[in-house]
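The residues making up each chain are set out below.
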Amino acid sequence: MALSSLLRLLFVFFFIIFVDGQCLDDQKKLLLELKSELVFNSSISKCLVKWNKTDDCCKWRGVGCDDSGHVIGLDLYDDGISGRIGESSSLFRFIYLSELILASNAFTTSEIPNQFHRLTHLRRLDLSGSGFMGPIPSTLASLTELVELKLSDNFLTGSIPTFHNCKKLEWIDLDRNNLIGSLSHLHFQGLTKLSDLNLGYNSLNGTIPRHLFTLPSISYLFLSRNQFSGQIEELPIENQSSLLWLDLSGNRLGGPIPNFFFQFRNMLTLTLSYNLFNGTFKLNKIRSLTSLSELTLSNNNLSVDTTNLSLSSRRYPYFYSLGLSSCNLYAFPNLRNVSFVTFLDLSNNYIGGDIPSWIWEIEIMSLNLSLNHLTDFEKPYRIPNTVKILDLHSNMLSCEFPLLSQSYQSDFFSPSLYYFADNSLTGVIPTSLCGIYQLAVLDLSFNNLNGSIPRCLLEDSPDLTVLNIRGNNIGGVIPGAKRGNCSLGTFDVSDNNLGGKIPKSLAYCNELVVMNVANNNFDGDFPCMALPESLKVLVLRSNRFHGDLTCHKSWPNLQILDMSSNDFSGGLNLLNLSSWRGMILESPTHARLNRSNSNFLGDGSYYHNEVTLTVKGVEVKLVKIWPDFTCIDLSSNRFRGEIPDAIGNLSSLYLLNLSHNSLTDAIPRSLGALTELGSLDLSSNKLTGRIPDELTKLDFLSFLNVSYNHLTGLIPTGRQFQTFLADSYEGNAGLSGFPLDGSFNNPHRPGPSPSEDSEPKDEEIEWGYVFAAFGYVVGFGSIAWTLLCCRSLRERYFEKIEEVVDKIFYERGRRRRHERRVRRREERRNGLRRHHH
């Protein structure tokens, strides 16, 4: 008996050693076949790289099995996979699969395969953030067991399939794609279990189907940043309390705000900003939404009536965010009885007078009162240290700089951002600012401040990323920065009375991206040693710098360089142009203007840098600096010698201004390689020879000035050169051809001119053209006068222009962001690997 028990024990032991546990041979074979099909980075992979022939496949990372050993789950999230999944992939032979996660990989050349209908048990499919392109396969709509579908943050195009047969769907996320078309009454009809629907950041149009608001289980409905239009009709809402979150922002919805929105009594968040809703909205309608925590009505055509409104913490215990920007307000809403409103935006209204002292008694973290008519602070006042974001820019504040309470270390990171630009604040910059914990952004530009820059701002503010004191009366010198204690990303002290030399200690600020010291009294040599290699924008314009450009450092990310109107001399060949990779196209498909909203140079999404440049002969203020806008302006100095051929390697260069120097020799033919060049100014130099024919290949060139040189020969013809006027070439005695002589370059001599004694014919006036031109002038003048006199219309007009431009370049920016995200993941993992080794 004891022997038989021992034999049984040995059998079990050997069974455990030699039998593959739960794993079935056919499932392991399929998994290994799938591994061989997929292209993946073994240095990034956490799952595929560890799959092998010896281990139990049900214990492999990323693999889930049922009790019978069938693979029912594959989780390959962020596993370094790239390439494509073929239609005949072994993936579609896992017939028991119920969960598939391929999110955050890089299928950037691939469409979603059409074979998912073979996975009839699939309940969860997550392909988000993996670069898939093309249409959403209609076969996905045949997966009747599907509960969760996530395809967000890809490049999917075409229309949305109808999922009315997928009755078990609870979650659909198609956010951040390029989907188009309208939604019909069949889309999502009958999905009684659907609770979360996210279609945001696409290009869907038409009206919003009424039934979306009345789906019996819908709790979260996100339709923001599309092109939905029309008016939302009123609906009878009976026993409907499931909707908690409604976001319709960033569309073209018009008419009055529907009343039925305020019958969802459990509503937490209602976001209707950036639409065309109109009429007068009485804010006391929200009194039925006692669970409301966030309300945003900003930037519509609304006039919000805040009378008879008394928000109180007792009635609205969870209320924390109120957005009423551009709502035609003339007074502060009554918030005296609210103990806290974390985010309050009353910007771009007509609120005048003093900022009431009671507003500082509310526990506010972010307060935006910009673009109003505020003049002072009601006294007594004390701005508490709980206010982390304070935006008062573009008002009429003419008092002394306000007193800000010093804040101290807290348990969580919450940077302090202060914006006081475009006012008339007086006095000095107080040293008390240095005591504000985690001070990140300080914008004091365009005020009447005087005194000097407090030394402690650069020495004792380790979290300061933006310091902008542009356009004041600040004097003295720039204080030094501390090694290891400088996080500056933007340093703008332009348009002041500063002098001396640029301190070499600024080189310690190795995250500095924008440095603007224009229009001051700085002197000395080119401040090579003070410039960190991280710079993208360097503006030294209109100072007293002198000497040559001898410097052994490089700035690989540089995209804007303006050293105009100084006293620099020497040759341009001293510049290490070949190291300026920020001005070189990365690939043939590289975009010159990457105009995606999240890609402006600045601090996150709230602060955007601006810089004034001379573009096409006109001084222009760039209020948003696109990451791929490239410019070199070395005009009005004493540079001499030839123009370096190496400038032709800066293939993404858009603006080149070398005018008003003493440059000699011929215009280099290499400039013809600057295919993105839009403006070229070489005027007022000593250039000789012919204008190179290669310049006629520059299709983007819309401004050319080579006047006042010693150029000779015929002006080249073709493409853009026929559009330039005579003043682009004047002052060159040896030049000939169109447009200087009024005709195209013609090898034949012009015909005889009329004899002196022949009578000239009266020129007939074409009155039709005169009246048409007059009409254009009147129409354009009316529009310009309206925009000039009406601030709100002007701001909305330019917002629409930016919106159109952003939409045009949105796809381009999305692709670049995805590529950067993949690259950052690889770099991060490589760094971690090196750390472990």
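Source: prediction; values computed, not measured.

In terms of helices and strands, the chain carries six helices and 49 strands. Intrachain contacts of the chain at a sequence separation of at least 6 include 55% that bridge at least 24 residues. Split by element, the accessible area of the chain, about 38600 Å² in all, is 53% carbon and sulfur.

Here three bridges tie strand 2 (residues 63-65) to strand 3 (residues 71-75), and the two strands are oriented antiparallel to one another. For Cys 65, the partnering residue across the bridge sits in strand 3 and is Val 71. The antiparallel hairpin formed by strand 2 and strand 3 contains five residues in its connecting segment, where Gly 69 sits at a positive phi of about 90 degrees. Summarising the sheet, strand 3 and strand 5 (residues 99-101) pair through three bridges and their orientation is parallel. Following the sheet pairing, Gly 73 is matched in strand 5 by Glu 99.

To continue, consider the pattern of salt bridges. Taken as a whole, this structure holds 15 salt bridges when the rule is applied. A salt bridge links Asp 562 to Arg 541, with the nearest nitrogen and oxygen atoms 2.7 Å apart. In this pair, Asp 562 sits in strand 37 (residues 560-562) while Arg 541 sits in the loop between strand 35 (537-539) and strand 36 (544-547), placing the two residues 21 residues apart along the sequence. Residues joined in a network through salt bridges with shared partners are Glu 99, Arg 124, Glu 148 and Lys 150.

As judged from the three bridges shared by strand 11 (residues 180-182) and strand 13 (residues 203-206), these two strands associate in the parallel manner. What sits directly across from Gly 181, in strand 13, is Leu 204. Summarising the sheet, strand 13 and strand 15 (residues 227-231) pair through two bridges and their orientation is parallel. When the sheet's bridge partners are listed, Asn 205 is paired in strand 15 with Gln 227.

This paragraph deals with the environment of Asn 685. Relative to the helices and strands, Asn 685 is located in the loop between strand 45 (679-681) and strand 46 (688-689). Residue Asn 685 is classed as buried on the basis of its relative accessible area, which comes to 5%. Leave out the neighbours within four places in its chain, and Asn 685 touches Leu 658, Ser 659, His 660, Asn 661, Ser 662, Leu 663, Tyr 708 and Asn 709. Within the local environment of Asn 685, its side chain forms a polar contact with the backbone oxygen of Leu 658, the two atoms lying 3.0 Å apart. Separated by 3.4 Å, the side chain of Asn 685 and the backbone nitrogen of Ser 662 make a polar contact.

What follows covers the sheet that holds strand 46. In space, the three strands of this open sheet follow the order 46-48-49, with parallel pairing throughout. Unpaired on one side and paired on the other, strand 46 and strand 49 (734-736) mark the two borders of the sheet. Inspection of the sheet shows strand 46 paired to strand 48 (residues 710-714) by two bridges, in the parallel sense. Within the sheet, the bridge partner assigned to Gly 689 lies in strand 48 and is Leu 711.

When the terminal C-alpha atoms of helix 2 (residues 25-37) are compared, their 18 Å separation across 13 residues agrees well with the 18 Å that a helix rising 1.5 Å per residue should span. Taken together, the buried positions of helix 2 are occupied by Gln 27, Lys 28, Leu 30, Leu 31, Leu 34 and Lys 35. Looking straight down helix 2, one finds its buried side chains confined to an arc of 160 degrees; they lie on one side. In helix 2, the exposed positions that point more than 90 degrees away from the buried face belong to Asp 25, Lys 29 and Ser 36.

Our focus in this paragraph is the state of the cysteines. A complete count under the given rule lists five disulfides for this structure. Paired by a disulfide, Cys 58 and Cys 65 hold their sulfur atoms 2.2 Å apart. The disulfide joining Cys 58 to Cys 65 has a torsion of about -95 degrees about its S-S bond and is therefore left-handed. With a relative accessible area of 14%, Cys 58 lands in the buried category.

We now examine the nonpolar core. Counting residues in hydrophobic clusters, the biggest one holds 199 residues, and the most contacted among them are Phe 116, Phe 188, Phe 261 and Leu 297. When contributions to this core are tallied by element, the ones reaching two or more residues are helix 2, strand 3, strand 19 (276-282), strand 21 (301-305), strand 26 (373-377), strand 29 (439-443) and helix 3 (455-459). Setting aside chain neighbours within four positions, we find Phe 261 in contact with Phe 213, Ile 232, Leu 246, Leu 248, Met 267, Leu 270, Leu 272 and Leu 289. Membership of the second largest hydrophobic core comes to 13 residues, among which are Val 514, Leu 622, Phe 629 and Tyr 654.

Here the chain averages 83 in pLDDT, while 80% of its residues score no lower than 70. In this model residues 587-600 is a low-confidence stretch, pLDDT under 50, and it forms 41 contacts with partners more than four residues away in sequence or in other chains. The low-confidence segment residues 804-809 (pLDDT under 50) makes eleven contacts with residues lying over four places distant or belonging to another chain.

Our next topic: the environment of Phe 264. Here Phe 264 is to be found in the loop between strand 17 (252-255) and strand 18 (269-271). C-alpha separation for the pair Phe 264 and Ser 288, spaced 24 residues apart in sequence, amounts to 8.6 Å.

What counts and how
Residues numbered from 1 in each chain as written. Predicted model: local features only at pLDDT ≥ 70, side-chain atom pairs only at ≥ 80, totals over all residues. Heavy atoms only, no water. Helix = DSSP H or I, 4+ residues; strand = E, 2+ residues; numbered from the N terminus. Contact = heavy atoms within 4.5 Å. Areas by Shrake-Rupley, 256 points an atom, 1.4 Å probe, with all protein chains shown as cover. Pairing = 2+ DSSP bridges. Salt bridge = Lys/Arg side-chain N within 4 Å of Asp/Glu carboxyl O. Buried < 20%, exposed > 50% of the residue type's maximum accessible area, 1.4 Å probe, protein only. Polar contact = N/O pair within 3.5 Å; in protein donor to acceptor, adjacent residues only side chain to side chain. Expected span 1.5 Å × (residues − 1). Arc of directions from axis to C-beta. Disulfide = S-S within 2.5 Å. Core = buried A, V, L, I, M, F, W, Y, C linked by side-chain atoms within 4.5 Å. pLDDT = per-residue confidence, 0-100.

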